[in-house]
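# Chains, contacts and geometry: an overview
Here is how the chains run, residue by residue.
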Amino acid sequence: MDDVDQKLNAFIESFVVGILAHPSLQNLSEEEKQSYAQKLRSHFSDMVLETLINRLTPEQLSDVQASVGNLPALEQKIEEYAATIPGLSQDIEERLKREFDQMQKALGNAQPQT
């Protein structure tokens, strides 16, 4: 895992921890928290991938689509293009922060689970 992946994973994990710390989720069992955490990680990861895909040129997107059946090649293509797109990291961070804020607002309106 390279430095960018580690930073991104830490960023996502900080959001997962922040959501799970919300008072309305404190009565969840450990198993429920783990399941919820995995769903949150998946959701945030999907947002990262979607943000990347939205920034690809048509040629880059075709190249990525051609690699869909080959996971190592697909991962390599995504990493390659992600490294060459100016401002992508900032776009990803901003999008994830907005989503986190929206989740926090939604949870703020939720009643604690009993």
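Structural notes, computed from the coordinates.

### What to know about the packing of aromatic side chains
Enumeration according to the criterion identifies three aromatic pairs in this entry. For the pair Phe-11 and Phe-15, a centre-to-centre distance of 4.8 Å together with 65° between the ring planes defines the contact as edge-to-face. Taken together, the residues Phe-11 and Phe-15, both in helix α1 (residues 3-20) and four residues apart, mark about one turn of the helix. Ring geometry for Phe-15 and Phe-44: centres 5.6 Å apart, planes at 40°, overall tilted. Of this pair, Phe-15 sits in helix α1 while Phe-44 sits in helix α2 (residues 30-55), and the two are 29 residues apart along the sequence. In this pair, the class of Phe-15 matches that of Phe-44, namely buried. Grouping aromatic residues by their ring pairs yields a cluster made of Phe-11, Phe-15, Phe-44 and Phe-100.

### Remarks on the nonpolar core
Core analysis: the largest hydrophobic core is formed by 25 residues, its most contacted members being Val-16, Ile-19, Phe-44 and Leu-96. Those elements that place two or more of their residues in this core are α1, α2, α4 (71-84) and α5 (88-108). Look past the residues within four positions of Ile-19 in its chain and what remains in contact with it is Leu-25, Tyr-36, Leu-40, Phe-100, Met-103, Gln-104 and Leu-107.

### Examining the side chain of Gln-60
Of note, Gln-60 is situated in helix α3 (residues 58-66). Relative accessible area serves as the criterion here: at 15%, Gln-60 is assigned to the buried category. Once residues within four sequence positions are removed from consideration, Gln-60 is found in contact with Arg-55, Tyr-81 and Thr-84.

### A short note on the packing of α2 against α5
Axis separation between α2 and α5 bottoms out at 10 Å; the angle between their running directions is 140°. Accordingly, the angle class assigned to the pair α2 and α5 is oblique. Two packed elements cross with a definite hand, and for α2 against α5 that hand is right-handed. On α5, the residues touching Leu-40, His-43, Phe-44, Met-47, Val-48, Glu-50, Thr-51, Leu-52 and Arg-55 of α2 are Leu-88, Asp-91, Ile-92, Arg-95, Leu-96, Glu-99, Phe-100 and Met-103. Here the residues of the contact of α2 with α5 sort into 10 nonpolar, two polar and five charged.

### Considering α2
Since the α-helix advances by 3.6 residues per turn, residues separated by three or four positions end up pointing in the same direction. In this model α2 runs 38 Å from its N-terminal to its C-terminal C-alpha over 26 residues, within 8% of the 38 Å that 1.5 Å per residue would give. Where α2 is concerned, the buried positions are Lys-33, Ala-37, Leu-40, Phe-44, Met-47, Val-48, Thr-51 and Leu-52.

### Brief notes about the side chain of Thr-51
If you trace the backbone, Thr-51 turns up in helix α2. A distance of 2.7 Å separates the side chain of Thr-51 from the backbone oxygen of Met-47, its partner in a polar contact. At a separation of 3.0 Å, a polar atom in the side chain of Thr-51 contacts the side chain of Arg-95. Apart from residues lying up to four places away in sequence, Thr-51 is in contact with Leu-88, Asp-91, Ile-92 and Arg-95.

### Section: the environment of Leu-20
One can find Leu-20 in helix α1. Sequence separation between Leu-20 and Ala-37 is 17 residues; the distance between their C-alpha atoms is 7.4 Å. When neighbours within four sequence positions are excluded, Leu-20 is seen to be in contact with Leu-25, Gln-26, Lys-33, Tyr-36 and Ala-37.

Reading the values: the criteria
Residues numbered from 1 in each chain as written. Predicted model: local features only at pLDDT ≥ 70, side-chain atom pairs only at ≥ 80, totals over all residues. Heavy atoms only, no water. Phe/Tyr/Trp six-rings, centres within 6.5 Å; stacked < 30°, edge-to-face > 60°. Helix = DSSP H or I, 4+ residues; strand = E, 2+ residues; numbered from the N terminus. Buried < 20%, exposed > 50% of the residue type's maximum accessible area, 1.4 Å probe, protein only. Core = buried A, V, L, I, M, F, W, Y, C linked by side-chain atoms within 4.5 Å. Contact = heavy atoms within 4.5 Å. Axes fitted to C-alpha atoms, helices over the stretch in contact; angles between N-to-C directions. Parallel < 35°, antiparallel > 145°, perpendicular 65-115°, else oblique. Left-handed = near helix turned anticlockwise from the far one by under 90°. Nonpolar A, V, L, I, M, F, W, Y, C, P; charged D, E, K, R; others polar. Expected span 1.5 Å × (residues − 1). Polar contact = N/O pair within 3.5 Å; in protein donor to acceptor, adjacent residues only side chain to side chain.

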